[in-house]
Amino acid sequence: MNEPAAETWDNELEDLFLRIGHRFSRVEPRRRMRDFVRGLLGPVGRKNGWQLAEYAGHATPDGLQHLLAGSRWDADEIRDELQHYVAERLGADDGVLIIDDTGFVKKGTTSAGVQRQCSGTAGRTGNCRIGVFAACASTRGRALVDRELYLPKSWTEDRDRCRAARIPDEREFRPKGGLAKALVLRAPASDLPIAWVTADSAYGQEGRFCRLLEQSGVGYVLAVPKSQFSVGCPRVDWLFAQAPAQAPAQAWERISCGDGAKGPRIYDWAAIRLSAVAEFDYQDETPVRQRWALGRRSLSRPDEIAYCLAYAQLDTTVEQLVRIAGMRRAIEECFQAAKNECVLDQYEVRRYPGWMRHVTLAMLAHAFLAAMAAMAAMAAAAAAKGAAETVPAPWSTSPGQRSGGSWQLAVPAARVHHTARPSLTP
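Residues numbered from 1 in each chain as written. Predicted model: local features only at pLDDT ≥ 70, side-chain atom pairs only at ≥ 80, totals over all residues. Heavy atoms only, no water.

Undergrad: I tried to follow the overall build of the chain on my own but got confused; where do I start?
TA: Scanning the chain for helices and strands turns up 15 helices and 12 strands. Put simply, the chain has 426 residues, and 49% of those count as buried. When contacts within the chain are restricted to residue pairs at least 6 apart in sequence, those whose partners lie at least 24 apart make up 67%. Put simply, the chain shows about 20400 Å² of open surface, and 50% of that area lies on carbon and sulfur atoms. (Helix = DSSP H or I, 4+ residues; strand = E, 2+ residues; numbered from the N terminus. Buried < 20%, exposed > 50% of the residue type's maximum accessible area, 1.4 Å probe, protein only. Contact = heavy atoms within 4.5 Å. Areas by Shrake-Rupley, 256 points an atom, 1.4 Å probe, with all protein chains shown as cover.)

Undergrad: Is there a simple way to explain the nonpolar core in this structure?
TA: Generally speaking, nonpolar side chains in soluble globular proteins are found buried as a group. Formed by 110 residues in total, the largest nonpolar core has its most connected members in Val-86, Ile-99, Phe-133, Leu-144, Phe-209, Val-221 and Leu-361. For this core, the element with the highest residue contribution is helix α15 (residues 352-383), accounting for 15 residues. Listed in part, the 12 residues of the second largest apolar core include Val-236, Ala-251, Trp-252 and Leu-274. (Core = buried A, V, L, I, M, F, W, Y, C linked by side-chain atoms within 4.5 Å.)

Undergrad: So what exactly am I meant to see when it comes to the packing of helix α8 (residues 176-186) against helix α10 (residues 207-216) here?
TA: A pair of packed helices can be characterised by two numbers: the angle between their axes and the separation between those axes. The interhelical angle for the contact between α8 and α10, taken along N-to-C directions, is 5 degrees, at an axis separation of 10 Å. Our classification of the angle between α8 and α10 gives roughly parallel. Between α8 and α10, the residues in contact are Ala-180, Lys-181, Val-184 and Leu-185 and Arg-208, Phe-209, Leu-212 and Leu-213, respectively. Looking at the contact of α8 with α10 residue by residue, the classes come out as 6 nonpolar, no polar and 2 charged. (Axes fitted to C-alpha atoms, helices over the stretch in contact; angles between N-to-C directions. Parallel < 35°, antiparallel > 145°, perpendicular 65-115°, else oblique. Nonpolar A, V, L, I, M, F, W, Y, C, P; charged D, E, K, R; others polar.)

Undergrad: Hey, could you run me through the state of the cysteines in this one?
TA: Working definition of a disulfide: a covalent bond connecting the sulfur atoms of two cysteines. All told, the structure shown has 0 disulfides when counted by the stated rule. In this structure Cys-128 is not part of a disulfide, and its nearest cysteine sulfur, from Cys-118, lies 8.1 Å away. On the basis of relative accessible area, Cys-128 is assigned to the buried category, the value being 1%. With no disulfide of its own, Cys-257 lies closest to Cys-308 among cysteine sulfurs, the gap being 9.5 Å. (Disulfide = S-S within 2.5 Å.)

Undergrad: Looking at this structure, I do not really get the environment of Trp-269. What am I missing?
TA: Among the secondary structure elements, Trp-269 is positioned in strand β8 (residues 263-274). With 15 residues separating them in the primary sequence, Trp-269 and Arg-254 have C-alpha atoms 6.1 Å apart. With near-sequence residues (within four places) excluded, Trp-269 lies in contact with Ala-251, Trp-252, Glu-253, Ile-255, Cys-257, Leu-294, Gly-295, Arg-296, Val-322 and Ala-325. Among the polar contacts listed, one links the side chain of Trp-269 to the backbone oxygen of Ile-255, at a separation of 3.4 Å. (Polar contact = N/O pair within 3.5 Å; in protein donor to acceptor, adjacent residues only side chain to side chain.)

Undergrad: Just checking my understanding: could you explain the packing of helix α5 (residues 75-90) against α15 for this structure?
TA: With their axes 10 Å apart at the nearest point, α5 and α15 run at an angle of 10 degrees to one another. It follows from the interaxial angle that α5 and α15 lie roughly parallel. Contact residues: α5 offers Ala-75, Asp-76, Ile-78, Arg-79, Leu-82, Tyr-85, Val-86, Arg-89 and Leu-90, while α15 offers Met-356, Arg-357, Thr-360, Leu-361, Met-363, Leu-364, Ala-367, Phe-368, Ala-370, Ala-371 and Ala-374. Per-class residue counts for the contact of α5 with α15 are 15 nonpolar, 1 polar and 4 charged.

Undergrad: Please clarify how the side chain of Asp-94 should be interpreted in this entry.
TA: Considering the arrangement of structural elements, one finds Asp-94 in the loop between α5 and β1 (96-105). For Asp-94, the residues in contact, after removing those within four places along its chain, are Ala-137, Ser-138, Thr-139 and Arg-323.

Undergrad: Can you walk me through the environment of Phe-173 in this structure?
TA: For Phe-173, the location among the structural elements is in the loop between α7 (159-164) and α8. Not counting residues within four places of it along the chain, the set of residues in contact with Phe-173 comprises Tyr-150, Leu-151, Pro-152, Lys-153 and Thr-156.

Undergrad: Explain the confidence of the model for the chain to me, please; I cannot follow it from the model alone.
TA: Should the pLDDT be low somewhere, the predicted coordinates at that spot are not to be read in detail. Confidence in the prediction of the chain, expressed as mean pLDDT, is 84, and 85% of residues score 70 or more. Averaged pLDDT values for the elements of the chain fall to 78 in helix α12 (residues 278-281) and rise to 97 in strand β4 (residues 141-149). Low pLDDT, under 50, characterises residues 390-413; the predicted model gives this stretch 54 contacts beyond four residues in sequence or across chains. Confidence drops under a pLDDT of 50 for residues 419-426, and excluding neighbours within four residues, the segment shows 16 contacts in the predicted structure. (pLDDT = per-residue confidence, 0-100.)

Structure below.
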């Protein structure tokens, strides 16, 4: 690292420590917090308590372990400071809140929330904890901004076990969808500029989660299973099977939903405008929101179709909806980076407060790295200013009539009430 870059790194890190330092009432935990975060940002690799202590210049890991297990400080206050930092460094008007969960493989039975359960991280059912997370993504960058530990009923129905793991008495069982609702409800009270919410089908299929977003006025693009029903919408796969006979092929448009490791991620997309719902989509007699169903078809395996439901402002285009749908993978990138670079999953704590504290400080370290990457990208863009810009050709291959960037398949145009489920009209 050259000297100017090292100076920028140190200055930014000191600014971050000043932001959160007042949340620690005593000097000892404040210093240990600084050492702990610096250790998380140290050389990539496994970082257990002894390695973190050695990197910080401590003779033993006792002080850093006490920071997580015994010191008096509130992890939620640090989360609030983290959100303010992300809003300043990475926030933009097009901000997207992404909800997803990830597993933490763990042995034994005494760690808070642990049991044999399905983990997408491990790709199988195994002994693990599950955390539900929110990430904020924009054109400037992305970072994890909130978290909740999932507590199965095997825990919440055994209050003695919960007290042994220092789980608060008020924590009752909440499904992962309920934890996601809590994350979404907290977002508007933060400084995060959130215009959209996106999530995978585990959350998109929950009607109450969708209603919460609609009541808050936030747009969404949520993956759903093929059997999904929605307000004013029959099964989503049946809906797309009714593509107009006069142009079935042209109903699909080839669009990139963002860049991946191997370049643009291109699929065939079809969009259907759904009926408006009187209770949510109108203000007096004026329509303010539009509902959509999206189909995403693999180029190599056209029989494989994934589906989304969307809720957006009237002037939203299909290309914008596709872009938001493609943002879901940003939280997977955050998980990978936070685990590989900031040891999000390499903790040595069993109790509930220790998990919340370790994960929050790891998220803080990851947000710092994301902010530094954004600063580097801005500097590179400034250095390259004035270079010739190239405009890529559109990926569309559909020569037929379009409206708003995609074929509009036939649906009823009238308003419906949320209890209604009208059939598709030809």
